[in-house]
Amino acid sequence: MRKLAVLLVLAALPALAQIPLPQAPTKYVTDAADVLEDEREHALNEKLAQYDRDTSNQVIVYVDRQVPVGTTIEEMGAEAIRTWQVGQVKKDNGAILFLFIEDRASRVEVGYGLEGVLTDAKSKGILVDMRPLLQDGFYTSAVEQGVQAILDTIAAPPPVARRVVSEPGWDTPAPSGGPPAFAFFLFFVFVFVFVLGLIVIIIKLVSDSRAFIQPNGASFPPPPDDSPRDSWTTFESSSSPSSSWDSSSSSSSSWDSSSSSSSDFSGDGGSGGGAGASDKW
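Criteria and thresholds
- Residues numbered from 1 in each chain as written.
- Predicted model: local features only at pLDDT ≥ 70, side-chain atom pairs only at ≥ 80, totals over all residues.
- Heavy atoms only, no water.
- Helix = DSSP H or I, 4+ residues; strand = E, 2+ residues; numbered from the N terminus.
- Contact = heavy atoms within 4.5 Å.
- Areas by Shrake-Rupley, 256 points an atom, 1.4 Å probe, with all protein chains shown as cover.
- Pairing = 2+ DSSP bridges.
- Axes fitted to C-alpha atoms, helices over the stretch in contact; angles between N-to-C directions.
- Buried < 20%, exposed > 50% of the residue type's maximum accessible area, 1.4 Å probe, protein only.
- Right-handed = clockwise from strand over helix to strand, strands pointing away.
- Expected span 1.5 Å × (residues − 1).
- Bend = angle between axes of the 7 residues up to and from the residue.
- pLDDT = per-residue confidence, 0-100.
- Core = buried A, V, L, I, M, F, W, Y, C linked by side-chain atoms within 4.5 Å.

**Student:** Would you mind showing me how to read the overall build of the protein chain here?
**Tutor:** Counting its regular elements, the protein chain contains eight helices and five strands. The N-to-C order of helical and strand elements in the protein chain reads α-β-α-β-α-β-β-α-α-α-α-α-β. In the protein chain, once contacts between residues fewer than 6 apart in sequence are set aside, the share between residues at least 24 apart is 74%. Total accessible area on the protein chain is roughly 19400 Å²; 61% of this is exposed by carbon and sulfur atoms.

**Student:** Would you explain the sheet that holds strand β3 (residues 94-100) in this entry?
**Tutor:** Paired through their backbone hydrogen bonds, the strands of a sheet run either parallel or antiparallel. Overall, mixed pairing links the five strands, which are arranged β1-β2-β3-β4-β5 in an open sheet. Looking at the sheet topology across the chains shown, the edges are occupied by β1 (29-31) and β5 (273-280). The average angle at which neighbouring strand axes cross in this sheet is 10°, direction not considered. Sheet topology places β3 next to strand β4 (residues 105-111); six bridges connect them, and they run antiparallel. Note on β4: the bridge partner recorded for Ile-96 is Glu-109. Packing of helix α4 (residues 120-135) onto the sheet brings it into contact with β3, β4 and β5, and relative to β5 it is tilted by some 30°.

**Student:** What should I look at first to understand the pairing of strand β2 (residues 58-64) in this one?
**Tutor:** Successive side chains on a regular strand alternate, one facing one side of the sheet and the next facing the other. Here β2 lies mainly inside the structure; seven of its seven residues are buried. Across the two faces of β2 the burial is the same, with Gln-58, Ile-60, Tyr-62 and Asp-64 and Val-59, Val-61 and Val-63 all buried. Examined bridge by bridge, β1 and β2 share three bridges and lie parallel to one another. If you follow Val-29 over to β2, its bridge partner there is Val-61. Relative to β3, β2 is paired through seven bridges, and the arrangement is parallel. Bridge pairing in β3 places Val-63 opposite Leu-99. The parallel pair β2 and β3, bridged by helix α3 (residues 73-83), forms a crossover whose chirality is right-handed.

**Student:** What's the story with α4 in this structure? I'm lost.
**Tutor:** Residues that lie three or four places apart on an α-helix share one face, since the helix turns once every 3.6 residues. Between the first and last C-alpha of α4 there are 23 Å, a value that for 16 residues agrees with the 22 Å anticipated at 1.5 Å per step. At Asp-129, α4 is bent by approximately 30°, the largest bend along its length, and proline Pro-132 sits one to four residues beyond. Taken together, the buried positions of α4 are Ser-123, Ile-126, Leu-127, Met-130 and Leu-134. The inward-facing, buried residues of α4 contact β3, β4, α5 (139-155) and β5. Positive phi appears at Gly-137, one or two residues downstream of α4, with a value of about 85°.

**Student:** Any chance you could explain the confidence of the model for the protein chain here in plain terms?
**Tutor:** On average, residues of the protein chain carry a pLDDT of 78, and 67% of them reach 70 or more. The model gives residues 12-16 a pLDDT under 50, and that stretch makes zero contacts with residues more than four places away or in other chains. The low-confidence segment residues 228-260, where pLDDT is below 50, has five contacts with residues more than four positions distant or belonging to other chains.

**Student:** Where do I start with the nonpolar core in this structure?
**Tutor:** Taken as a class, soluble globular proteins show a tendency for nonpolar side chains to be buried jointly. Counting residues in each nonpolar core, the largest one holds 47 residues, and the members touching the most others are Leu-48, Leu-97 and Val-143. For this core, the elements supplying multiple residues, two or more each, are α2 (38-55), β2, α3, β3, β4, α4, α5 and β5. The element that contributes the greatest number of residues to this core is α5, accounting for seven residues. Sequence-distant contacts of Leu-97, that is, excluding residues within four places in its chain, are made with Ile-60, Val-61, Tyr-62, Arg-107, Val-108, Leu-127, Met-130, Val-143, Gly-146, Val-147 and Ile-150.

Shown next, in the form of structure tokens:
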């Protein structure tokens with residue numbers, strides 16, 4: 001029994017071992033390998049931050065030299081998207097583009113909420129398209145291309161199933177050539193009701209016009225306009241509150257985008273993923 005218990009404990013140790021994971025990133029683009037051009041890295045970070053604000057989807061980039069010792073790129077990707085909480089709570093609408101320069105390995109990790117559009121096959125295709133740039137050492141261009149492909153794939157609408165309408169054959173009766181008799185009946189009823197309503201309107205107009213004519217043929221004069229003049233019509237526009245608007249007060253309430261928006265990354269509560277694809281170049 002003791003030997004069996006020891007074997008069970010030893011077998012469970014790998015499952016209990018924690019996957020080594022770098023510290024959670026504070027930017028949408030993290031270049032721990034220092035291979036990306038600074039200005040383009042900053043521009044890409046701003047782009048992904050704005051994309052997060054516009055769509056609530058979180059796409060981040062993590063570039064390093066090597067995959068942490070003691071794990072694989074697939075294990076690290078699944079652990080990172082969960083621990084870093086990429087995506088929103090209960091939506092898991094996040095994705096991570098990994099690049100490890102010395103290992104020549106790349107991966108797209110996808111949250112559960114984006115698996116329907118950013119599938120494994122599409123993720124693999126994105127990484128394959130990045131190969132030529134990576135092989136030539138154009139890491140910044142490769143990352144920009146990969147990110148744009150991810151965003152375009154997420155934004156693409158799902159394919160719409162086409163409805164197939166079978167042509168009439170031996171087992172399908174052809175439609176009749178003319179309209180049914182019931183349609184003619186409805187048409188004549190509509191015409192009858194329309195003409196009858198028109199006659200009633202004409203009679204009503206004639207009777208109303210006779211009620212305003214005196215016996216000698218003179219028409220009644222129009223009633224005097226005794227309604228009081230609206231005192232507000234004499235109110236000059238110069239005394240309107242809108243004309244005395246102080247532009248200095250409006251400037252104080254203007255929106256300051258620089259102080260309200262942030263380019264720092266913070267996971268919104270995504271709880272997991274596991275889909276995606278890996279590649280070598």
